[in-house]
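# Survey of secondary and tertiary structure
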Amino acid sequence: MRAAFMTLGCKVNQFETETMEGLFRARGYDVVAFEDMADVYVINTCSVTHLSDRKSRQLIRRAARTNPRACIAVTGCYAQVAPEEIRALEGVRVVIGTKERARIVDYVEASLHETTGIAGTITDIMQARVFEDIPLHALPHRTRAFLKIEDGCQNFCTFCIIPYARGPVKSRELSAVAREMALLTEAGFHEVVLTGIHLGAYGIDLAERPTLADACRTALAEKKLRRLRLGSLESVELSADLLDLIRSEPRFAAHLHLPLQAGSDHVLRAMNRHYSTADFARLIAEVRAAVPGVVISTDIIVGFPGETEEDFAAGMAFVREIGFARMHVFPYSARKGTPAARRADQVPPMVRKERAARMQALAEEMAEAYHRSQLGTVAEVLFETTADDVTDGLTETYVRVYTDADVARGEIVPMRLTHLYRDGIWGEKIS
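Values in this document were obtained by computation on a predicted structure and should not be read as measured data. (Residues numbered from 1 in each chain as written. Predicted model: local features only at pLDDT ≥ 70, side-chain atom pairs only at ≥ 80, totals over all residues. Heavy atoms only, no water.)

### Things to note about the overall build of the chain
Helix and strand content of the chain: 13 helices and 18 strands. For 431 residues, the compact-globule estimate of 2.2 N^0.38 gives 22 Å, and the C-alpha radius of gyration of the chain, at 22 Å, lies within 12% of that figure. Taken along the three principal axes of its C-alpha coordinates, the chain extends 65 × 60 × 50 Å. Across the 431 residues of the chain, 55% fall into the buried class. Within the chain, contacts between residues separated by at least 24 positions form 72% of all contacts whose residues are at least 6 apart in sequence. When the accessible surface of the chain is totalled, it reaches about 18300 Å², and 52% of it is carbon and sulfur. (Helix = DSSP H or I, 4+ residues; strand = E, 2+ residues; numbered from the N terminus. Rg over C-alpha atoms; globule rule 2.2 N^0.38 Å. Buried < 20%, exposed > 50% of the residue type's maximum accessible area, 1.4 Å probe, protein only. Contact = heavy atoms within 4.5 Å. Areas by Shrake-Rupley, 256 points an atom, 1.4 Å probe, with all protein chains shown as cover.)

### Examining the nonpolar core
In terms of nonpolar packing, the biggest core is built from 75 residues, with L230, L242, L256 and M359 touching the most fellow members. With residues near it in sequence (within four places) discarded, L230 still touches V193, L194, L199, L212, C216, L242, F252 and L256. By size, the runner-up hydrophobic cluster in this structure holds 22 residues, among which are A4, C46, A64 and V92. (Core = buried A, V, L, I, M, F, W, Y, C linked by side-chain atoms within 4.5 Å.)

### Quick look at the sheet that holds strand β9 (residues 191-196)
Pairing is mixed across the open sheet formed by four strands, whose spatial order is β8-β7-β9-β10. Two strands in the sheet have a free side with no partner beyond their single neighbour: β8 (170-171) and β10 (227-230). Bridge analysis of strand β7 (residues 144-151) against β9 gives six bridges, and the strand direction is parallel. Looking across to β9, one finds that R144 is bridged to E191. Sheet contacts for helix α1 (residues 11-26): β7 and β9; angle to β7, the most-contacted strand, approximately 100 degrees. On the sheet, helix α7 (residues 174-186) packs against β7 and β9 and is oriented at approximately 170 degrees with respect to β7. (Pairing = 2+ DSSP bridges. Axes fitted to C-alpha atoms, helices over the stretch in contact; angles between N-to-C directions.)

### A short note on unusual backbone geometry
Of note in the backbone geometry, E100 takes a positive phi value of approximately 70 degrees without being a glycine. For E100, the position within the fold is in the loop between β5 (92-96) and α5 (104-112). Of the residues examined, E100 reaches a relative accessible area of 23% and is grouped as partly exposed. Its identity is not glycine, yet R209 carries a phi of approximately 55 degrees, on the positive side. Structurally, R209 can be placed in the loop between β9 and α8 (212-220).

### Comments concerning the environment of D151
In this fold, D151 is placed in strand β7. We classify D151 as buried; its relative accessible area is 6%. Every residue in contact with D151, bar those within four places of it in the chain, is listed here: E16, T98, F131, R166, P168, V169, K170 and I197. A polar atom in the side chain of D151 sits 3.3 Å from the side chain of R166. (Polar contact = N/O pair within 3.5 Å; in protein donor to acceptor, adjacent residues only side chain to side chain.)

### A closer look at the pattern of salt bridges
The tally for this structure, following the rule as stated, stands at 37 salt bridges. Residue K148 is joined to E16 by a salt bridge in which the shortest nitrogen-to-oxygen separation is 2.5 Å. In this pair, K148 sits in strand β7 while E16 sits in helix α1, placing the two residues 132 residues apart along the sequence. Summarising the burial analysis for this pair, K148 and E16 share the class buried. Residues joined by salt bridges that share partners form a network here, namely R144, E191, R227, R229, E384, D392 and R400. (Salt bridge = Lys/Arg side-chain N within 4 Å of Asp/Glu carboxyl O.)

### Re the side chain of S297
Examined against the element boundaries, S297 turns out to sit in strand β12 (residues 295-302). Within polar-contact distance, the side chain of S297 engages the side chain of H255 at 3.0 Å. Other than its neighbours up to four places away in sequence, S297 contacts H255, L256, H257, L258, F324 and R326.

### Considering helix α9 (residues 240-248)
For α9, the set of buried residues is L242, L243, L245 and I246. Relative to the axis of α9, the buried residues are bounded by an arc of 160 degrees and lie together on one face. As for α9, its buried residues are in contact with α8, β10, β11 (255-257) and α11 (277-290). (Arc of directions from axis to C-beta.)

### Looking at the side chain of N44
As for its position among the elements, N44 is in strand β3 (residues 40-45). At 3.1 Å, the side chain of N44 forms a polar contact with the side chain of R101. Those residues in contact with N44 that lie beyond four places of it in its chain are M6, T7, L8, N13, E16, T17, M20, T75, G76 and R101.

Laid out in structure tokens, this is it:
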């Protein structure tokens, strides 16, 4: 039997897909490319925007065209918040939300023997209180491994559907973090990225009340690990203990992704973010003082309902003042079921698009400035892919480095950064 997988959305979703791939491999399935003919297609959906939902439906229809007799199994956030929409699509035979994915192979095999009905389950995610700990049965196919240690979110930003799709915070026990780290490092992964939906809240639901810093210490206890990185987390949840660990542990990547979302206090309040621009600026100053050389990237949403041209201009000025090394810029996209989508003061789509282009131009300007500041330095690069005799990879601070030197995929190699190249920097191998 052949199974194919497709992931939409964040690194958490990618990790979840890899665990499901492992479950199928353990039951004797061959994993093939999503474009290939397969007996089972598993689509792990995202539901951050209505565009994510549309992409999910397009993938479902593509799988049905590739093999009309296949079992299409749909899981993830879109399946959790809109199961009936998915069940109505031709070819769908299994629907699972954001829990019970450990049973996906059982649901698929049951559906293969049934001619009617749709298998799977949608649980009341708001009542879920325990992390669904599915051990890795197969290893990722990439050079960096993502390890999910937390699920759920209780921030309830007005633009976000995720708390309704993932439920409250659920953390992985430290013993399970240690177990998975041992597996990944033994398999030769040099870098592991700890991920979660609300990563900074790690441990608040566990009896022992471990912190994210404790989870990082557990990961770093694996001596074979060469680089530990954190996924996205909220600036307001950075502890002095965590910052001290980043500063003192050479294997801890001095790179933090701290979503700002808006550079206007008016918009931040409308988003139900839990800080002001002054709070954020003060926190960034504290981070930079605590961890010299730390690099900070961020997310920005432009065109949020009620955002005026003055708000947008304030946001442009604020991000320039902070000086992010990288920014992910998103035009606001209304998500059905969220408070923001019900607002009457929606910004016209063309205005959102135009503001996004202006913010993206600033993002590229700041990224280039950071890249220029790194020229002439030496950085350790984890190499990932090769095309046309050029290999590229990432530094500790998430700069993409390109080279034509003889380097191996999956290895970390010291490189001298010589000049700007494509979206990153050219590197020369140190002899």
